[in-house]
Structure formats: C-alpha cells, structure tokens
Amino acid sequence: MRRISGLIGVLALCAALVGCHEDSAVSLVSNGDSETPEGEGTPGTGGSNGDDSQGDEASLVCDPYEGSAVADLKPWRGAVHEHTSYSDGAIDATPHDAFKAGAEHGLDFMMVSDHSDTLNRLLYFSIGSECFESLSGVLQCFVPAPDGFSKWQITGEMAAADTRGDFIAVRGFEWTSDRFGHINVFFSSNFTNAKFDGGYLLTMDPFWRWLVRAPGSEEIPGTTPLGGGADGLGIFNHPGDKCLGDSDSACNWNDFAYEASVDDQMVGMELYNDDSGDDRYARYYGAALDAGWHVGAVGGEDVHDRSWGEPTYGKTVILAPSLDRADLKSAMQARRMYALASSDDTGDLRILMRAEGHPMGSRLRCMADMTVPLTVEVVPANGLPFNGTLELYSGPVARAASNDTGLGRPVATATGNQLSHALPVLVDSEHWYFVRVANADGESLAYTSPVWVQARPQ
C-alpha cells in the first residue's frame, strides 16, 4: 500500500509539472533574453520548444481552449476607422474609394466608420469639413447628394460589392459624443446617432441600451433605424481626445465606468490613432482593463483625406482561421487581435502570444496557486531579425509609480524576439496581461490584446 501511495504521489507531481509545460505554435529562433524586474513577478519559464501541437496539458491548469487550434490562426492585417464625404472626410470621396484604396495597399480588410451624425442627412455638409475651403467645396456640400438619406444603406452595398476572396470590406459608424467620447461600431445592421439618441451630453445609457437591443427587421428611410445594435461590436476610439474638460468625470465614457451588459460587445480600444505611433493612449488601456472592461488592442487610422491604408498609419491584425467576414467578427469578439503603430518595413510585425495553448484575448479559468506559462514571439514581416524589446504589463495595479506609458513598471521584459513568463493564478480577482513591443530605441511598435487569468472556484 505504501508503494502504491508513493506511485500516486509521483504521478500527481508529474501531472502538475506537465500542466505547466510550455509549448509553442511555431518554431522560432530566439535572439533575446527574458528578464524580470527585481522584486516583481515570477521568473520566466524558459524558451520555446517549437512544438506545434496544442497538447492535452492545457486542461490541467486552465480550462481547455475551445476555439480554433492556435496553429491554424492566421494574421490578417487591415485598416480600421476611416472617413469619407459621407461624414467629414474628403468631399469627393465615397466609402467605395476607401475600400478600393485598402485593397490596393494590400490590406486584408478595411472598416469604414463615418460619423452617424450625418448618415441620415440629405447633404454631406459637416461643420469643420472641406465645405468652406473653396467655391467647389461649397457647391458640392450644399447641393443635395444623389443618395440622400440612404448613405448607411449605400455604404453597406458598397462594402458587399467591394468584398472579394482576398479582401473584406466592412461597414460601420462612429458614435460621437463630444463629452463622453467616440465609439466605433462594426458589423451592425443599424446605426444610432449620439446627437439624437437622448444622451449626447447627459448620459451614456441610451447608447448602451441601443447596443444590446435586438437589431429588428426593418430600416426606415430618412430616420435613424429603430432597431438596436446587438449584432454589432464596439471600439473605444482615441480615449482622452474628446472631452469637455479634464475635470469632467464624464470624460472617457464616465471614466470607464463598467457596464456588464455590453462587456461582450465592447471588444477593443484604439492604442494608435492616425500616424503618430506614440503611447498616448496606453494609460487609458490600463485604466479600462482595471475597471473591468475586456478590451483588446486596436490600431486605428482615422483618416479624413484620401490617404486610407497608407503604411504610416496604425493597423489592426486579427487572428482568424480564414479571411471571412464571420471569422473576422468572431475573432474580434474573442479579442484575438493586436495593434500595430504602422505597417511599413520596420513596423509590420507578426506576434504570437500563447498562455498554455490559449491565444491572446483568452479569459482563462485556472487552478488556484498554480502558474500558467506565457510565451510571446515577434517576427518582422520583412524577415529581418527583431532587435527590440518586449514588455509584459499586468493589472489591476496601482499607478503611482509609472513610466512614460503610464502603465507602471512591466512585470517582465525581454530583449530580442521572445519573452517567456509564468503567470500566477491569484485568488483575489481576475488579472490581465498584455505586451508592449518597442524598437531598440524604446519607441512603440505594437500592443497585444491581453490574456485574463482567474482562479477557478474551489
């Protein structure tokens, strides 16, 4: 009996060790070393073993991954957040022109989101647009548009016509409150207008209620559709940029006040907007995650001229098994995406992030007081070695001592193309982990979506 008990103990120990075993979906040659700041976090778990299999061991510490096999996920790079003459973009540009530009730049997808304020207007006129810059602009903006009230419908028709096997065009809209902030919504049948939904400067409630309301079956020409947006996915746009003042607590969607009813649909936050490529939105990313939002990383263009899709603008990479509208939507809802500061030669990166067989965006329920092996690998699309830095951030966290990003100190850093770390399974609350990728000079190149780790109930 003693011999059997000893054997059982050995088998249990082996199972625990295997449960923390690390396997990678691709075989890459690491050119860097991982470090953990003194006094913080848990030491790294070592390098990749290059095993393409997912293995059964993932279920021993965390619940099994139920999505597509990580090895089958492919990176689809595209542009999110574009404007045309249908709101305040170039006065001679239509959504078709933007979609065409995206395809010509070799993107896999493009998502146009004109301001919903103007989607049910007869005229293209928008304050602050090019309408007043020339006589031709005045004539073009104030002569009734041939598509009149149906700009939303026609955008959808253009998206359908411009979609092909190697390019997906997606219709969306930007909900614009100048007090709470702006939100992009994609894949919805309907749109809503912040200026007329009963909120705008007073409350976010009308938009949240619209987002969870059933789409309905009809659109009414000339009006904001009565149906809701339960088939749509939302993205927090350029946080901190649209506020009445720094002292107004309503800024940034009531300072990221958590709304559980829409958490599943609010899938992302812009970490880049336009071609600046800086870290100005990073602290808001951490604040939203700390508040309970499960948002992934998005790189937005926010182009208002005709330069849609150019490499200098931020891009979003979505990890999906195929280039299909439904697959892209499912991947976004699973937060399987990361943000690139640009898609030029130095900024177009392929990022693989795995937490015990689970991709970025996963919400893990794991055995308490265990650790989950995390591996992150970065490969430049141009095939050259990556010689930058990887920084792993975690929270919820006190932000009193922060670095330039406003995120506090990273719990682990690595030089080169690979970072490995053991994520602790803590019983106090759900914890998030994401990676900032920087070049050798520390300049921001990319942000991953997080993985979330929470202890399973005992």
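Residues numbered from 1 in each chain as written. Predicted model: local features only at pLDDT ≥ 70, side-chain atom pairs only at ≥ 80, totals over all residues. Heavy atoms only, no water.

Regarding the overall build of the protein chain
What counts here: Secondary structure is summarised from DSSP: a helix means a run of H or I of at least four residues, a strand means a run of E of at least two, and numbering begins at the N terminus for each. Here the term buried applies to any residue with accessible area under 20% of the maximum for its type, exposed to any over 50%, and partly exposed to those in between, with areas from a 1.4 Å probe on protein chains only. Note on areas: these come from Shrake-Rupley sampling with a 1.4 Å probe, and a residue is covered only by the protein chains present in the view.
If you tally the helices and strands in the protein chain, you get nine helices and 20 strands. The burial tally for the protein chain puts 54% of its 458 residues in the buried class. For the protein chain, the accessible surface area stands at approximately 18,600 Å², while carbon and sulfur atoms represent 54% of it.

Describing the sheet that holds strand β12 (residues 358-359)
Inclusion rule: A pair of strands is labelled paired if DSSP reports no fewer than 2 bridges between them.
The strand order across the open sheet formed by four strands is β12-β11-β14-β17, and the pairing between neighbours is antiparallel. The open sheet has two free edges, formed respectively by β12 and β17 (418-424), since each of these has just one partner strand. Summarising the sheet, strand β11 (residues 349-355) and β12 pair through two bridges and their orientation is antiparallel. Bridge pairing in β12 links R354 to P359.

Focus: the confidence of the model for the protein chain
Going by this rule: Confidence scores labelled pLDDT are given residue by residue by the predictor and lie between 0 and 100. Contact definition: two residues touch when any of their heavy atoms are within 4.5 Å.
Residue-level pLDDT values for the protein chain average 83, and 77% of them are 70 or greater. In this model residues 1-59 is a low-confidence stretch, pLDDT under 50, and it forms 123 contacts with partners more than four residues away in sequence or in other chains.

So, the pattern of salt bridges
Heads up, the rule is: Think of a salt bridge as a Lys or Arg side-chain nitrogen and an Asp or Glu carboxyl oxygen that are within 4 Å of each other.
The tally for this structure, following the rule as stated, stands at 14 salt bridges. Close ionic contact of D263 with R363 constitutes a salt bridge, the shortest N to O distance being 3.9 Å. In this pair, D263 sits in the loop between α7 (251-256) and β7 (266-273) while R363 sits in strand β13 (residues 363-366), placing the two residues 100 residues apart along the sequence. Salt bridges linked by common partners bring R77, D348 and R350 together as one network.

With respect to a nonpolar patch on the surface
Put simply, the rule is: Residues enter a patch when their relative accessible area is above 30% and they make no salt bridge; the linking distance is 9 Å between like charges and 5 Å between nonpolar side chains (Val, Leu, Ile, Met, Phe, Trp, Tyr).
Together, L201, L202 and L244 make up an exposed nonpolar region whose accessible area comes to about 320 Å². Relative to the assigned elements, L201 resides in the loop between β5 (181-186) and α6 (205-212).

Notes on helix α8 (residues 282-290)
Among all positions of α8, only A282, Y284, Y285, G286, A288 and L289 are buried. Contact partners of the buried residues in α8: α7, β7, β8 (296-303), β18 (431-438), β19 (444-448) and β20 (451-455). A positive backbone phi angle near 115 degrees is found at G292, which sits one or two residues after α8.

Description of unusual backbone geometry
Each neighbour pair has its own omega, and for G395 with P396 the value is 10 degrees, a cis peptide bond. Secondary-structure assignment places P396 in the loop between β15 (389-395) and β16 (412-415). Despite not being glycine, Y200 has its phi angle at roughly 50 degrees, a positive value. Within the secondary structure, Y200 sits in the loop between β5 and α6. Even without glycine at this site, D302 takes up a positive phi of about 55 degrees. By the element assignment, D302 lies in strand β8.

A look at the pairing of strand β9 (residues 315-320)
The element β9 is extensively covered by neighbouring structure, given that six of its six residues are classed as buried. For strand β2 (residues 74-82) and β9, the ladder comprises five bridges, and the chain directions are antiparallel. Residue K74 lies in a different strand from β9, and its bridge partner there is A320. Across four bridges, β9 lies against strand β10 (residues 337-340) in antiparallel orientation. In the strand pairing of β10, T316 is matched with A339.

What about the side chain of N439?
Heads up, the condition is: Here a polar contact is taken to be a pair of N or O atoms separated by no more than 3.5 Å, where protein atoms must pair a possible hydrogen donor with a possible acceptor and residues adjacent in sequence count only if both atoms sit in side chains.
Summarising the element assignment, N439 is placed in the loop between β18 and β19. For N439, the side chain forms a polar contact with the main-chain nitrogen of D441, separated by 2.9 Å. Beyond its immediate stretch of four places on either side in the chain, N439 contacts G388, T389 and L445.

Some remarks on the pairing of strand β6 (residues 233-237)
The element β6 is largely enclosed, with a buried count of five among its five residues. What you see with β6 is no split at all: L233, I235 and N237 on one side and G234 and F236 on the other are buried throughout. Here five bridges tie β5 to β6, and the two strands are oriented antiparallel to one another. Bridge pairing links I183 to F236 in β6.

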